[in-house]
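Observations on chain architecture
Each chain, written out:
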Amino acid sequence: MSDSHLLSLQAALPTLRLLTDAADLEHYGRDWTRRWAPAPMAIALPDSVEEVQAIVRWANAENMAIVPSGGRTGLSGGAVAARGELVVSTARLNRVLGFDPVDRILAVQAGVPLQRVHEAARSHGLQYPVDFAARGSCSIGGTLATNAGGIRVVRHGNTRHWVAGLKLVTGSGELMDLGRGLVKDSSGYDLRHLAIASEGTLGIIVEASLRLTDPPPPTSVMLLALPSFEALMQVFAAFRARLELQAFEFFTDLALKHVLAHGAQPPFAQAHPFYVVTEFACDAAIEAGALAAFEQCLEQGLASDGVLAASEAQAAQLWRLREGITESIARYLPYKNDVVVRVSAMPAFLRETQALLAEAYPQFEVVWFGHIGDGNLHINVLKPESMAQDAFVADCENVTALLAQILQAHGGSISAEHGIGLVKKPYLSCTRSAAEIAAMRGIKAALDPKGIMNPGKVFDAE
Ligand code: FAD
Ligand code: 2HG
Ligand code: ZN
């Protein structure tokens, strides 16, 4: 946006709040990837749907690229504005709009943080079950735009399952009211589901209607120490057979090392190669079942140690060991993988991936963790301090190309829950066919005919 663009936008929308200070451009032009230098031309902070529509119409007339922006906790570069785009932040669209107790639907504006959705759900005696560590700072619009997953997918599914409706300002400035809270609707294509996981490439989500569900049952939290990757899937099967799992998350000793260095308390006297944090619905009888499952795993050599949280404070401590990983390694500018295969393909996929990474990355620290119950692994490669970021990323990209082949062979996806953004764009064709990508381009052209919505993210224009 040149000065003349800025003047034109100010003239078209005289009451629109616009930020142009260098510190604001830096702050709003990046997400958690820290790989691209932020360079937006300005930040627009609309506070009504009408203002969003007016901005998009103005951008169409001026051929101005827009980057929709929520909490910028994204891990794929989707909210990065590095090419002079206009960032449209939902920060001021932050109102909880209402709750319908019959439909059990909570309506919120897109900029409401996930944690406020949790609080609002609790105030109505219900829960919104999508949950993960960035809950305090990510926006609900961002979670829809990425189809976020998190730690409760094994029990409740991901964001897509909970969206009863959404309002989308399309790339041409139309306001579409999609889904409208209907339980059933067979009247043609469900455009709501196209907007979910679209990463801002089709339009700006301005409101969401979220289904709430029964509050969680009383739960127990257990930390297990395991001797090997092979044991992981067997322990998962043993626990799932006996318990109603709410979460089943794994991490390696290296991940734990970083969280401990960040101030967490060591859980066991001795180190172990792998750990699982699991949470399950619990009463006295079930707790006995959980301990029996643990004893069985111990006897079979699948588990080496374990602890059942005796208080809420201890449960929070155990969760911190898992949830603190991303923050604890952020300073190493990790190269992130967010891969997924069917759970049944996990043992073979793990074996092949481990072999590849052991050979390809002997020189780097590789931190493994993730949502093993969903078939979703996060493989973070840490940049050595002495290495330049470009050279490091280039090394990692070579290995990702090989990893993508393994994924393809197992029918998996290069992104389970973080989105494609800029980071995984080169690998989209490993998990989506040419026909699928052509269809995606067609859908974009229909909703964003001038290609102004987050251009260059997910796929390039032809
Ligand atoms: P942003 O980063 O602002 O944007 C993400 C993408 O959505 C961009 O493409 C942006 O253009 C688009 N977008 C944002 N708002 C809108 C809108 N209103 N309309 C249209 N497009 C929009 N993710 C998980 O899935 N599971 C996890 O367990 C998880 N854990 C995390 C833990 C930490 C510590 C961190 C930092 C991140 C984690 N994430 C996780 C990633 C991230 O929090 C999610 O992707 C989240 O959904 C992003 O929300 P946001 O508001 O920050 O989006
Ligand atoms: C998690 O599961 C998030 O904690 C972040 O999805 C994963 O940092 C990552 O790679
Ligand atoms: Zn995750």
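Since we're looking at a predicted model, the values are computed, not measured.

Secondary structure assignment for the protein yields 16 helices and 16 strands. A compact globule built from 462 residues should have a C-alpha radius of gyration of about 23 Å, and the protein, at 23 Å, falls within 12% of that. In terms of overall dimensions, the protein has a C-alpha envelope of 70 × 55 × 45 Å along the principal axes. By residue count, 55% of the 462 residues in the protein fall in the buried class. Long-range pairs, those at least 24 residues apart, make up 73% of the contacts in the protein with a sequence separation of at least 6. Within the structure as shown, the protein displays about 19300 Å² of accessible surface, and the carbon and sulfur contribution to it stands at 52%. Counting 38 positive and 48 negative side-chain charges, the protein places the averaged centre of each group 3 Å from the other.

Let us look at the sheet that holds strand β2 (residues 42-45). The strand order across the open sheet formed by four strands is β1-β2-β4-β3, and the pairing between neighbours is mixed. Each edge of the open sheet carries a strand with a single partner, namely β1 (17-19) and β3 (66-69). Mean inter-strand twist for the sheet, computed between neighbouring axes without regard to direction, equals 25°. Two strands pair when backbone bridges link them, and β2 and strand β4 (residues 86-89) are joined in this way by three bridges, in the parallel orientation. Considered in β4, the bridge of Ile43 is made with Val87.

On to empty space enclosed by the protein. Empty space among the atoms becomes apparent when a probe as large as a water molecule is rolled across them. Enumeration according to the criterion identifies one cavity of 30 Å³ or more in this entry. When its volume is computed, the largest cavity comes out at roughly 40 Å³. Examining the composition of the lining of the largest cavity, we find that five residues originate from one element, strand β14 (residues 335-340), more than from any other. Residues belonging to the lining of the largest cavity are distributed by class as follows: five nonpolar, two polar and three charged.

To continue, consider the packing of helix α8 (residues 229-242) against helix α10 (residues 284-299). The geometry of a pair of packed helices is captured by two quantities: the angle between their axes and the separation between those axes. For the pair α8 and α10, interaxial distance at closest approach is 10 Å and the crossing angle is 155°. Compared by their axis directions, α8 and α10 come out roughly antiparallel. You can see that α8 and α10 cross each other, and the crossing is right-handed. Residue-level contacts link Val235, Ala238, Phe239 and Arg242 of α8 to Gly289, Ala290, Ala292, Ala293, Phe294, Gln296 and Cys297 of α10. Partitioning the contact of α8 with α10 into residue classes produces eight nonpolar, two polar and one charged.

In the vicinity of ligand 2, the contacting residues are Leu75, Arg322, Thr326, Lys336, Phe369, His371, His378, Asn380, Glu417 and His418. Interatomic distance of 2.9 Å between a side-chain N/O atom of His371 and an oxygen atom of ligand 2. In isolation ligand 2 has 300 Å² of accessible area, and contact with the protein removes 89% of it. Sorting the residues of the shell around ligand 2 by element identifies β15 (365-371) and β16 (376-382) as the ones contributing at least two each. Looking at the shell around ligand 2, its residues break down into two nonpolar, five polar and three charged.

This part takes up helix α9 (residues 253-261). Considered for burial, the residues of α9 that qualify are Ala255, Leu256, His258 and Val259. Taken around the axis of α9, the buried residues stretch over an arc of 160°, which confines them to a single face. Tucked inside the fold, the buried residues of α9 contact β11 (245-252), β12 (274-281), α11 (312-323), α12 (325-329), β15 and β16.

Glancing now at the nonpolar core. Judged by nonpolar contacts, the single largest core of 58 residues is most densely connected at Phe239, Phe250, Trp368 and Leu377. Ranked by size, the runner-up nonpolar core spans 28 residues in total, among them Ala120, Ala121, Ile140 and Leu178.

Here helix α13 (residues 346-360) crosses helix α14 (residues 389-409) at 165°, and the two axes come no closer than 10 Å. Of the possible angle classes, the one that applies to α13 and α14 is roughly antiparallel. Crossing geometry of α13 relative to α14 is assigned as right-handed. Between α13 and α14, the residues in contact are Phe349, Glu352, Thr353, Leu356, Leu357 and Ala360 and Val399, Leu402, Leu403, Ile406 and Leu407, respectively. Of the residues that constitute the contact of α13 with α14, the class distribution is nine nonpolar, one polar and one charged.

Turning our attention to helix α3 (residues 49-62). For α3, which comprises 14 residues, the first-to-last C-alpha distance of 20 Å matches the rise-based estimate of 20 Å (1.5 Å per residue) to within 8%. The complete set of buried residues in α3 reads Val49, Glu51, Val52, Gln53, Ile55, Val56, Trp58, Ala59 and Asn60. Downstream of α3 by one or two residues, Asn63 has phi in the positive range, about 55°.

Throughout the structure, instances matching the rule amount to eight aromatic pairs. Following the ring pairs from residue to residue traces out a cluster consisting of Phe229, Phe250, Phe274 and Trp368.

Cut-offs and rules
- Throughout this description, residue numbers start from 1 for each chain and increase along the sequence as written.
- For this description, chains carry letters from A and ligands carry numbers from 1, given in the order in which they are written.
- Under the rules for a predicted model, residues below a pLDDT of 70 receive no local features and side-chain atom pairs below 80 are neither given nor counted, while totals for whole chains, interfaces and linings still include all residues.
- Hydrogens and waters are ignored; side-chain quantities use all the structure's heavy atoms.
- In DSSP terms, a helix is any run of H or I states spanning at least four residues, a strand is any run of E spanning at least two, and both are numbered starting from the N terminus.
- Here the globule rule is a power law, 2.2 Å times the number of residues to the power 0.38, and the radius of gyration is based on C-alpha atoms.
- When a residue's accessible area, from a 1.4 Å probe over protein chains only, is under 20% of the maximum for its type it is buried; when over 50% it is exposed; and in between it is partly exposed.
- The contact definition used throughout considers only heavy atoms, calling two residues in contact when any of these lie within 4.5 Å.
- All accessibility values rest on the Shrake-Rupley procedure with a 1.4 Å probe; residue burial counts only the protein chains present in the view.
- Residues scored as positive are Lys and Arg, those scored as negative are Asp and Glu, and His as well as the terminal groups of each chain are ignored.
- Where a charge sits is defined by one atom per residue type, namely NZ (Lys), CZ (Arg), CG (Asp) or CD (Glu).
- Here, strands pair whenever DSSP counts at least two bridges between them.
- What counts as an axis is a line fitted to C-alpha atoms, over the stretch in contact for a helix, and the angles between N-to-C directions run from 0 to 180 degrees.
- Using a grid of 1 Å spacing that covers the protein atoms alone, one calls a set of points a cavity when a 1.4 Å probe fits there but cannot get out, and a pocket when the set is open and has protein on both sides within 12 Å along at least five of seven lines; lining residues are those with an atom within 4 Å of a point.
- Grid points are joined across faces, edges and corners, and a volume is the space filled by probe spheres set on the points.
- Any residue outside Ala, Val, Leu, Ile, Met, Phe, Trp, Tyr, Cys, Pro, Asp, Glu, Lys and Arg is labelled polar, Gly included; the first ten of those are nonpolar and the last four are charged.
- Any angle from 65 to 115 degrees is called roughly perpendicular, while one under 35 is roughly parallel, one over 145 is roughly antiparallel, and all others are oblique.
- With the far helix as reference, a near helix turned anticlockwise by less than a right angle produces a left-handed crossing, and one turned clockwise produces a right-handed crossing.
- By convention in these notes, a residue is near a molecule or strand provided one of its non-hydrogen atoms lies within 4 Å of it.
- In protein, a polar contact requires one atom able to donate a hydrogen and another able to accept it; more generally it is a pair of N or O atoms within 3.5 Å, and residues adjacent in sequence count only if both atoms are side-chain atoms.
- Arc, as used here, means the arc of the directions from the helix axis to the C-beta atoms.
- To qualify as a nonpolar core, a set must consist of buried Ala, Val, Leu, Ile, Met, Phe, Trp, Tyr and Cys residues joined through side-chain atoms within 4.5 Å.
- Expected span of a helix, by definition, is 1.5 Å for each gap between consecutive residues, and there is one gap fewer than residues.
- We call Phe, Tyr and Trp rings a pair once their centres come within 6.5 Å, taking the six-membered ring for Trp, and we label the pair stacked below 30 degrees between planes, edge-to-face above 60, and tilted otherwise.

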